[in-house]
Amino acid sequence: MRLATLTSGGDCPGLNAVIRSVVRTASNEFGDTVVGYEDGWVGLMEDKRRDLYDDAAIDRILSRGGTILGTGRLHPDKFKAGIDTVRRNLAEAEVDALIAIGGEGTLKGAKWLADNGVPVVGVPKTIDNDVNATDYTFGFDTAVSVATEAIDRLHTTAESHNRILIVEVMGRHVGWIALHAGMAGGAHYTVIPEEPFDVADICKSMERRFQMGEKYGIICVAEGASPKEGTMEFQAGEEDEFGHQTFTGIGQIIGDEINRRTGYDVRTTVLGHTQRGGTPTAYDRVLATRFGVHAARAAHNGDHGTCVALHGENIDLVSLEDAVGQLKTVPEWRYVNARALFG
């Protein structure tokens, strides 16, 4: 058989580990060959493909960040309009099944292909950990580790200067990175998109710290957080061509408001793309590798229209429909537990 794979959406630590695993499993277990499409769905549409061999070069990508195939985004309307091109390109490459590696948007594209008769298997990827059908996605552990290290480093400078330091992390619609990094790094307040904040509560928490002699504070904020209605002025960003909201720097907005209300010196650090670049953690390498093994097996065995998923310690297959049904948000009880540590 001949399998194909691509990576789409934002880059993520562990993508290369999946590619390596797919190629090696396909070759070692079944004698299958693998072709890789460059630049995500765009590369599939433009037939930008290259053969992937089970050789020393593919073996060495395990620890590399990013993706050797490149990635990109394609508007859903353009993607759907090109279904005939997709079918033709896969047929000309003699591809028997496609393995699509990506987040919610990519998996929605994979589901649409499956609904239109294209044999496809999905692999969930996102540092945000927001794919509902799996306990964890690879890339999340690396992102949390990067954010936690940043918070660890900021503790000493905040304490030295008697400052409040705000760390803005990624998290468009969900606050998993902020929740975990805030807890692991000992942040004194964490703000997530699922729970609109009242800046007055944050100010009270910081004032209590200063009054008790702890004259500094660390606040971890997810980029998609927003205030409770009527608590402060806030202008939400517009949407881009893919329907993604653009952000206006919520960390800085909160910092300016805390400074205005309390007079404390507040500085903001935006971690941005550092969270999804660089070397994946050991956990993410293992999870990504396991996903790749099971995806290659599913593609070879004809288990199409499915997505690999972690449930407890096991890797299972779920339907692509279940994988993209809804975002996995932080449940209220998890945030309540985190609140016990604020201040």
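Residues numbered from 1 in each chain as written. Predicted model: local features only at pLDDT ≥ 70, side-chain atom pairs only at ≥ 80, totals over all residues. Heavy atoms only, no water.

- The protein appears in an unreviewed UniProt entry as ATP-dependent 6-phosphofructokinase from Corynebacterium massiliense DSM 45435.
- UniProt, in the comment section headed Catalytic activity (unreviewed entry), describes the protein in these words: "beta-D-fructose 6-phosphate + ATP = beta-D-fructose 1,6-bisphosphate + ADP + H(+)".
- Under the UniProt heading Function (unreviewed entry), the entry covering the protein gives this text: "Catalyzes the phosphorylation of D-fructose 6-phosphate to fructose 1,6-bisphosphate by ATP, the first committing step of glycolysis." (UniProt positions renumbered as here; feature names shortened; annotations may be inferred.)

Some details on the pattern of salt bridges
Then, number 1: Scanning the entire structure with this criterion turns up 18 salt bridges.
Then, number 2: In this structure, Arg50 and Glu38 form a salt bridge, with 3.1 Å as the shortest nitrogen-oxygen distance. Here the residue Arg50 occupies a position in strand 3 (residues 49-52), and Glu38 occupies one in the loop between strand 2 (33-37) and helix 2 (40-45), the gap between them amounting to 12 residues.
Then, number 3: Judged by its relative accessible area of 24%, Glu38 is partly exposed.
Then, number 4: Of the charged contacts in the structure, one is a salt bridge between Lys48 and Asp39, with a shortest N-O distance of 2.4 Å.
Then, number 5: What emerges from the salt-bridge pattern is a single network uniting Arg20, Arg24, Asp54 and Asp59. (Salt bridge = Lys/Arg side-chain N within 4 Å of Asp/Glu carboxyl O. Helix = DSSP H or I, 4+ residues; strand = E, 2+ residues; numbered from the N terminus. Buried < 20%, exposed > 50% of the residue type's maximum accessible area, 1.4 Å probe, protein only.)

A look at the side chain of Arg163
Then, number 1: By the element assignment, Arg163 lies in the loop between helix 7 (140-161) and strand 6 (164-169).
Then, number 2: Residues in contact with Arg163, not counting those within four places in the same chain, are Ala158, Lys215, Tyr216, Gly217, Asp265 and Arg267. (Contact = heavy atoms within 4.5 Å.)

Considering the sheet that holds strand 5 (residues 120-124)
Then, number 1: Taken together, 7 strands build an open sheet; the order of strands is 3-2-1-4-5-10-11 and the sheet is mixed. Among the strands making up the open sheet, the edge pair consists of strand 3 and strand 11 (314-319). Between one strand axis and the next, the sheet turns through 30° on average, direction left out of account.
Then, number 2: Pairing of strand 5 with strand 10 (residues 306-311) involves 2 bridges; the strand directions are parallel. Paired with Gly122 across the bridge in strand 10 is Cys307. (Pairing = 2+ DSSP bridges. Axes fitted to C-alpha atoms, helices over the stretch in contact; angles between N-to-C directions.)

So, the sheet that holds strand 6
Then, number 1: Here 4 strands make up an open sheet; going across it, the order is 7-8-6-9 and the pairing parallel. At either margin of the open sheet sits one strand with a lone partner, and together these are strand 7 (189-191) and strand 9 (266-270). In this sheet, neighbouring strand axes are inclined to one another by 20° on average, regardless of whether the strands run parallel or antiparallel.
Then, number 2: Where strand 6 and strand 9 come together, 5 bridges link them in parallel fashion.

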